[in-house]
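Fold and geometry: a report
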Amino acid sequence: MDFKSQNKNITNLLKFINQCGGSNKLEIAENIMVSPAALTKISKKLLGDNILVEKKYIDENNRKKNLLVINYERFYSMGVLIEENFTKVILTNLKNDILGELKFKNNYNGDFDEYLKALLEFIEKLAKENKVLPEKILGVGVVVTNEFIVKKSLDLFKEDRFLTLKKSIMDKFSGYVFVETEIRAEALYEAFLAPEYKDFFLVKYGEKRGSAIIIDNKLVNPAISHYRSMGTRHFIVEPNSDIYCEICKKKGCFDTMVSPKNIFEEILKENNYSNRIVEMYKNMSFEEFIKRAESGEITECKALRKVARYIAILMINHNNLLPLDTFLLSGRVFKSSLFLSYLKMYLQEFQLGEVHEKLIVLDKYIFREELVASFLPINYIFYNYHFQDNLEE
């Protein structure tokens, strides 16, 4: 099914009211650029469906007026976050406030059927505990973390099993199911939380890494293959590398070359696995690694320069594919002036100097990771006006 907006005026109206917390009809009409007559028709429909409610208020001139606000309890959303060792299931309202949550351990030793059975039971249990009827649930968003992709997905999720998972959930709960990688889902949520970023490329680097393109608040290049559906965009950034990736079955891909594990291994190899170096890096966090580079340690500086080069190559690939307004950089490493100077140096070297003005380092939003999963049905079904089938007759 195509989840593009069924009615752009309704999409714009719902997003505007959400952003401002409620508004009167005149302000709404001016901001979403529709005529008062068209707005009256739209709002009448949404009020009748109990999607919007009227809230009375008194303005600065002591005149009574009505605000249109969203009824955030009209429908609900389920979010499933599949991590390396645990799966978290949450229930939210349309504001994406968590109303209930459950968690279970991924100890099924590659038995997909057992895992799917447990997941379905926990989704059903969470709905029952919160007394939410199936028809009130817009859908289920399933987000797969990078750690799970790298360490567990080859055992538990074979080529066709995401389709099986989606079909099983839809059969059980009669709702739509959306499966995404954590980074792609995060980019979509970022576009919603910060609508000033229209067309952007998000790069996340650290313990979690990945990238995604958003154009007009929509994800670009929805995946079709197993690996792309999990967001592991394995661009080759080092063609002559001998480092093999278990996920994409290629050598020199971006995801492998910039992984902290590979960086540390390369340093150990260069130092012939001396006991001193092995001991030093055995329990070193990536945060400590960055701090050592910032303090002038040559080995760490060289490693970060290499990472900056690979990220610059990744940007070139995306910029050549689809010129973008903004590059959003997420992760502790981008807050390092040293690393940013390396990145800009390579962008200039690759003749992408104009990208300097497009770089924005994000301050991490304080939201729980599970929320990017529950937002998927809210985004695709509620804000794109695909909830007609859920309306009570």
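To be clear, the structure that these remarks concern was listed above.
Notes on the structure in this doc start here. Computed from a predicted structure; not experimentally measured. (Residues numbered from 1 in each chain as written. Predicted model: local features only at pLDDT ≥ 70, side-chain atom pairs only at ≥ 80, totals over all residues. Heavy atoms only, no water.)

Some remarks on the overall build of the protein
Broken down by element type, the protein carries 16 helices and 12 strands. Within the protein, the fraction of its 393 residues that count as buried is 53%. The long-range share in the protein, meaning contacts at least 24 apart out of those at least 6 apart in sequence, stands at 65%. Of the roughly 19,500 Å² that the protein leaves accessible, carbon and sulfur atoms contribute 49%. (Helix = DSSP H or I, 4+ residues; strand = E, 2+ residues; numbered from the N terminus. Buried < 20%, exposed > 50% of the residue type's maximum accessible area, 1.4 Å probe, protein only. Contact = heavy atoms within 4.5 Å. Areas by Shrake-Rupley, 256 points an atom, 1.4 Å probe, with all protein chains shown as cover.)

Thoughts on the pattern of salt bridges
For the structure on display, the rule yields 19 salt bridges. The partner of lysine 128 in a salt bridge is glutamate 124, and the shortest N-O contact between them spans 3.7 Å. In this pair, lysine 128 and glutamate 124 are both assigned in helix 4 (residues 112-129), 4 residues apart and thus about one turn of the helix distant. As a salt-bridge pair, lysine 167 and aspartate 171 come within 2.9 Å of each other at their nearest N and O atoms. Placement of the pair is lysine 167 and aspartate 171 together in helix 7 (residues 161-173), with a separation of 4 residues, close to one helical turn. (Salt bridge = Lys/Arg side-chain N within 4 Å of Asp/Glu carboxyl O.)

What about helix 11 (residues 260-270)?
Taken as a whole, helix 11 has its buried residues at Pro260, Asn262, Ile263, Phe264, Ile267 and Leu268. Turning to helix 11, the residues buried within the fold contact helix 10 (254-257), helix 12 (275-282), helix 13 (286-294) and helix 14 (298-321). One or two positions beyond helix 11, positive phi appears at asparagine 272, with a value near 55 degrees.

Notes on the pairing of strand 2 (residues 64-70)
One ladder, built from 7 bridges, connects strand 1 (residues 52-58) with strand 2; its direction is antiparallel. Bridging across to strand 2, glutamate 54 finds its partner in leucine 68. (Pairing = 2+ DSSP bridges.)

Quick look at the nonpolar core
Generally speaking, soluble globular proteins have nonpolar side chains that are buried together. Leu13, Leu14, Leu46, Phe382 and Phe387 are the most contacted members of the largest nonpolar core, which has 52 residues in total. The greatest single-element share of this core, amounting to 9 residues, is contributed by helix 16 (residues 371-382). Not counting residues within four places of it along the chain, the set of residues in contact with phenylalanine 382 comprises Leu14, Ile51, Ile70, Leu94, Leu138, Pro377 and Phe387. (Core = buried A, V, L, I, M, F, W, Y, C linked by side-chain atoms within 4.5 Å.)

What about the sheet that holds strand 3 (residues 76-82)?
Within the open sheet, the 5 strands sit side by side as 5-4-3-6-7. Their pairing is mixed. The open sheet terminates on both sides in strands that have one partner only, identified here as strand 5 (98-105) and strand 7 (176-181). Neighbour-to-neighbour, the strand axes of this sheet turn through a mean angle of 15 degrees, independent of strand direction. Across 7 bridges, strand 4 (residues 86-93) lies against strand 5 in antiparallel orientation. By the bridge assignment for strand 5, threonine 92 is matched with isoleucine 98. Packed on one face of the sheet, helix 7 meets strand 6 (137-144) and strand 7 and runs near 150 degrees to strand 7. (Axes fitted to C-alpha atoms, helices over the stretch in contact; angles between N-to-C directions.)

Brief notes about helix 4
In a regular helix each residue adds 1.5 Å, so 18 residues correspond to 26 Å; helix 4 covers 26 Å between its end C-alpha atoms and thus fits that length. Among all positions in helix 4, only Phe112, Tyr115, Leu116, Ala118, Leu119, Leu120, Ile123, Leu126 and Ala127 are buried. Phi turns positive one or two residues past the end of helix 4, at lysine 131, with a value near 55 degrees. (Expected span 1.5 Å × (residues − 1).)

A closer look at unusual backbone geometry
Of note, the phi angle at aspartate 216 is positive, near 55 degrees, even though the residue is not glycine. Residue placement: aspartate 216 occurs in the loop between strand 9 (210-215) and strand 10 (218-219). Even without being glycine, tyrosine 273 reaches a positive phi, approximately 55 degrees. Here tyrosine 273 lies in the loop between helix 11 and helix 12. Looking at tyrosine 273, the relative accessible area reads 40%, which means it is partly exposed.

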